[in-house]
Amino acid sequence: MPRTPARRAIDPDLAAKVAYLADPHHFAGHPRAVEVIETHFAWVFLAGSRALKLKKPVHQASMDYRAPAARHRGCRAELVLNRRLAPSVYLRVVALKRTRDGAFSRRAGVRTVDWLIEMRKLPAARRLDALLTRGAVQGRHWRQLMVRLATFFRRAESRPMSDRAYRARLRRQIVATARELGASDLGLRTRQVVELERSQLAFLSEHARMLMGRGARLIDGHGDLRPEHVFLGAWPRVCVIDCLEFDPDLRRLDPAEEIAFLALECARLAGASVADELLAEYRCVTGDPAPQPLVDFYMSRRAAVRAQLTAWHLRDEAFAGERRMWRARAHSYLRDALRLSRRAIASGHVAGAASDGRRETAALTAGAAAATERGAASPARPSRSAAPPPRGAARPAT
């Protein structure tokens, strides 16, 4: 990953675009207000029953949205990909235009200057993070969500790789994430980053057996399965928004890793028992045994990635007044990543020893059973060491 901050293309109209979209008079029905949400990579405008998303002209790692044409491609990709899990939410891509007199318009104009994604606005109270905070998530919610995700995983494009290639890819990702987290301008705890890298690499080398067959499970998934992207309720019953659209390689995931990411964030919000319930439902609905040490490793990986994405806010001038908060959050994810990686290694050894013990017991049992069967199938023979029959005794007929 590059160590350069998110670079913004020179766009003198950006502030004017935001001001136009934040004005209630430019929305149908003239709502009383527009709720404006700024994220690291976009602006979102909530008004009435609609939401509009404007991508920022930024360049970060594999995301390059500096040119309007690139933002247009990104909007189209986001529309298509997110309709897999939220078909009734993502409505269309809308051109933002300039009229002859220089005003902005989403209807008529002589020149397209940017692109927007139009969506149905979903009630914030139905977001999974809000439900978890209120303690309102019940077992039926997990079942509904897992049935929906299991269907998605089953229908998603398969993008498998060999076990060896998958382990090599994980190794590259671990090294790249650590290199980014260790960048001097971020000011994170270098020792913690180094320990995390060593721990995750140790899991790969010591527990490669747990990754056997996982490369064959890779799909074109969601890539950003967090509670704030999951909505539960009456209509639609389950929908998931905001998948990663800009880099298909970041969506090439084991479904168990997608669920591990969701479990990580649920645990941070509502405790480990919630994550355990979620994971149990995943295993039940999908039939994927996904051993706990592997899930812990995946959770550690996602926590490290979240630490990286959180730390990137430290490079964004738009969040200059919140740097202490973003650095603390990055360190929090780092601690979780290291704790989970260490737990994966330790529980992996326990699971491995138990597995070896079960295999040894099974082998001994099978061997004893085979010996018993051979003995039962063979006719009895007199022992060579038996005493000869006494004189005059009848000898068996030959």
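What counts, and where the lines are drawn
Chains are numbered independently. Their residues run from 1 in the order of the written sequence. Only residues with pLDDT of at least 70 are given local features in this predicted model, and only at 80 or more are side-chain atom pairs given and counted; all residues enter the totals for whole chains, interfaces and linings. To obtain the side-chain values, all non-hydrogen atoms of the structure were used and water was disregarded. A run of H or I in DSSP counts as a helix once it spans at least four residues, and a run of E counts as a strand once it spans at least two, with each numbered from the N terminus. For each residue, the accessible area found with a 1.4 Å probe, counting protein chains only, is set against the maximum for its type, and the residue is called buried under 20%, exposed over 50%, and partly exposed in between. Each axis is a line fitted through C-alpha atoms, taken for helices only over the stretch in contact, and angles between the N-to-C directions span 0 to 180 degrees. A clockwise turn of the near helix away from the far one marks a right-handed crossing, whereas an anticlockwise turn of less than a right angle marks a left-handed crossing. A contact between two residues is defined here by any heavy atoms of the two lying within 4.5 Å. Charged residues are taken to be Asp, Glu, Lys and Arg, nonpolar residues to be Ala, Val, Leu, Ile, Met, Phe, Trp, Tyr, Cys and Pro, and polar residues to be all remaining types, Gly included. Residues are called lining when one of their atoms sits within 4 Å of a cavity or pocket point, these points coming from a 1 Å grid over the protein atoms alone, where a cavity is a set in which a 1.4 Å probe fits but cannot get out and a pocket is an open set with protein on both sides within 12 Å along at least five of seven lines. Grid points are joined across faces, edges and corners, and a volume is the space filled by probe spheres set on the points. Each residue gets a pLDDT score, which is the predictor's confidence in that residue and runs from 0 to 100. Pairing between two strands is assigned when DSSP locates at least 2 bridges connecting them. By definition, a salt bridge exists where a carboxyl oxygen of Asp or Glu is found within 4 Å of a side-chain nitrogen of Lys or Arg. Think of it this way: a Phe, Tyr or Trp ring, Trp meaning its six-membered ring, pairs with another when their centres are within 6.5 Å, and the plane angle makes it stacked under 30 degrees, edge-to-face over 60, tilted otherwise. Charge over a ring is defined by NZ of Lys or CZ of Arg lying within 6 Å of the ring centre and within 35 degrees of the ring normal. Put simply, a nonpolar core is a bunch of buried Ala, Val, Leu, Ile, Met, Phe, Trp, Tyr and Cys residues held in one set by side-chain atoms that sit within 4.5 Å of each other. Given a helix with a known number of residues, its expected span is that number minus one, times 1.5 Å.

## A closer look at unusual backbone geometry
A negative phi angle is the norm for most residues apart from glycine, just as the trans form is the norm for most peptide bonds. For Ala61, which is not glycine, the phi dihedral falls at a positive 55°. Mapped onto the elements, Ala61 comes out in the loop between β5 (58-60) and β6 (63-64). Using a relative accessible area of 24% as the deciding quantity, one classes Ala61 as partly exposed. In this model, Asp242 sits at a positive phi of 60°, which is unusual for a non-glycine residue. Within the secondary structure, Asp242 is located in the loop between β12 (238-240) and β13 (252-253). The exposure class of Asp242 is partly exposed, given its relative accessible area of 23%.

## A closer look at the packing of helix α6 (residues 190-206) against helix α9 (residues 292-312)
Closest axis-to-axis distance for the α6/α9 pair is 11 Å, and the angle between their directions is 150°. In this structure, the crossing between α6 and α9 has a hand that is left-handed. In contact with Leu196, Gln200, Phe203 and Leu204 of α6, α9 contributes Pro293, Leu294, Phe297, Ser300, Arg301 and Ala304. For the contact of α6 with α9, a count of residues per class yields seven nonpolar, two polar and one charged.

## Digging into the layout of surface pockets
The volume enclosed by the second largest pocket comes to roughly 350 Å³. Every residue lining the second largest pocket is counted, 17 residues in all, and those nearest its centre are His26, Phe27, Ala28, Arg106 and Arg107. Split into classes, the residues belonging to the lining of the second largest pocket amount to seven nonpolar, five polar and five charged.

## Some remarks on the confidence of the model for the protein chain
Per-residue confidence for the protein chain gives a mean pLDDT of 88; residues scoring 70 or more make up 85%. Taken as a whole, residues 1-10 scores under 50 in pLDDT and shows 32 contacts with residues more than four places along the chain or in a different chain. Here residues 380-398 scores under 50 on pLDDT; set against residues more than four positions off or in separate chains, the count is one contact.

## Details of the sheet that holds strand β3 (residues 42-47)
Backbone hydrogen bonds hold the strands of a sheet together, and the pairing may be parallel or antiparallel. Pairing is antiparallel across the open sheet formed by six strands, whose spatial order is β2-β3-β4-β9-β7-β8. In the strand order of this sheet, the two ends are held by β2 (35-38) and β8 (104-105), each with one partner. In the sheet, strand β7 (residues 90-98) pairs with strand β9 (residues 111-120) via eight bridges, with the strands oriented antiparallel. Directly across from Val94, in β9, lies its bridge partner Leu116. Each of β3, β4 (50-55), β7, β8 and β9 is contacted by helix α1 (residues 14-21), which is oriented at about 180° to β4, the strand it contacts most.

## Quick look at the environment of Ala260
Residue position: Ala260 is located in helix α7 (residues 255-270). Residues Ala260 and Phe297, 37 residues apart in the sequence, show an inter-C-alpha distance of 8.8 Å. In contact with Ala260, not counting residues within four places along its chain, are Val295, Tyr298 and Met299.

## Brief notes about the pattern of salt bridges
Under the definition given, this model contains 30 salt bridges. Members of the salt-bridge network, linked through shared partners, are Lys53, Lys55, Glu78, Asp242 and Glu245.

## With respect to the packing of aromatic side chains
Under the counting rule described, the total for this entry stands at five aromatic pairs. When the centroid spacing of 4.6 Å and the interplanar angle of 10° are considered together, the rings of Phe203 and Phe297 count as stacked. Remark: Phe297 occurs in helix α9 and Phe203 occurs in helix α6; sequence separation between them is 94 residues. Accessibility assignment for this pair places Phe203 and Phe297 in one class, buried. Ring geometry for Phe297 and Tyr298: centres 6.1 Å apart, planes at 40°, overall tilted. Comparing Phe297 with Tyr298 shows no difference in burial state: the two are buried. Clustering of aromatic rings is evident, with ring pairs tying together Phe203, Phe297 and Tyr298. Positioned over the ring face of Tyr333 is Arg268, at 3.7 Å from the centre of the ring. Cation over ring: Arg302 sits above Phe261, and NZ or CZ is 5.0 Å from the ring centre.

## Notes on the nonpolar core
Within the largest apolar cluster, 70 residues are counted, with the highest numbers of intra-cluster contacts made by Leu128, Trp142, Leu145, Leu149 and Ile259. When sequence neighbours within four positions are dropped, the list of residues in contact with Leu145 reads Leu128, Val230, Leu232, Val238 and Leu262.

## Observations concerning helix α8 (residues 272-286)
End to end, α8 covers 21 Å across 15 residues, agreeing with the expected 21 Å (1.5 Å per residue, within 8%). Backbone geometry just downstream of α8 places Gly287 in the positive-phi region, at approximately 80°.

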